[in-house]
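Working through the structure, step by step
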Amino acid sequence: WPLAWYPSHNTAKRLVAERLRHQSEERLRRAVADAPVPIVIHDDAERILHASQGWVDLSGYTQDQAPTMSAWIASVRAEPTDAAMTTLRGLVAGGDQPRTGESPIRTRNGVVRIWDFSTTPLGTMGAERRAFVTMAIDVTERKQAEADLRRMNEGLEQRIADRTAELTRVNDALKRQSEQLREQ
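Residues numbered from 1 in each chain as written. Predicted model: local features only at pLDDT ≥ 70, side-chain atom pairs only at ≥ 80, totals over all residues. Heavy atoms only, no water.

**A closer look at the overall build of the protein**
Looking only at helices and strands, the protein features five helices and five strands. Counting helices and strands in the order they occur from the N terminus, the protein gives α-β-β-α-α-α-β-β-β-α. By the burial criterion, 24% of the 184 residues in the protein qualify as buried. Taking as baseline every contact in the protein between residues at least 6 positions apart, the subset at least 24 positions apart corresponds to 39%. (Helix = DSSP H or I, 4+ residues; strand = E, 2+ residues; numbered from the N terminus. Buried < 20%, exposed > 50% of the residue type's maximum accessible area, 1.4 Å probe, protein only. Contact = heavy atoms within 4.5 Å.)

**Here we look at the nonpolar core**
If you look at the biggest cluster of nonpolar residues, it comprises 14 residues, and the most contacted ones within it are Val40, Ile48, Trp55, Trp72, Ile105, Trp115 and Phe117. For this core, the secondary structure elements donating two or more residues are strand E2 (48–51), helix H3 (69–76) and strand E4 (112–125). Counting residues per element, this core draws most heavily on H3, at four residues. In this structure Val40 touches Ile48, His50, Ala51, Trp55, Met69, Phe132, Val133 and Thr134, once residues within four positions along its chain are discounted. One finds Val32, Ile39, Ile41 and Val133 within the second-largest nonpolar core, a separate group that totals five residues. (Core = buried A, V, L, I, M, F, W, Y, C linked by side-chain atoms within 4.5 Å.)

**Considering the environment of Ser118**
Tracing the backbone shows Ser118 in strand E4. Separated by 16 residues in sequence, Ser118 and Glu102 have C-alpha atoms that sit 8.9 Å apart. Discounting residues that sit within four places of it in the chain, Ser118 has contacts with Arg99, Thr100, Val133, Thr134 and Met135.

In structure tokens:
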């Protein structure tokens, strides 16, 4: 009798564990799918497993239009250089360590945005495939504000240099006049 009970007990435990794993995966899928920020889960074969609504809304590409990271990168590459492609691929590539970095992307409607990417390994999934989560933050406005601030600072520095030179000339002229008056 105990031997007959043991396999069914193991089967029941396995079924419960599978159901719990499935529920956990479903919660993660829903959390990613509904996220307003760009998030994508992909595997080491570059297949996009889940893409957030934020990823779709901000890049303009659905999972059907770009089912792999390679297809997505080819669609959004803002610069037609191999270096730009290599940089973007490196940011979303698999690996043991998280990767971060910025890259320009061209959205489906043609607007160039700058995204700050972060890719983190999630671990191994079935059939020894590794999964990764790649998230992005659109930093276009921040980059524009930084560039505007740099330009304003450069302009301000030039105006200060011009004003200092002007004041130096006036001061030198006043010194000469003062010396002339003393001599008289």
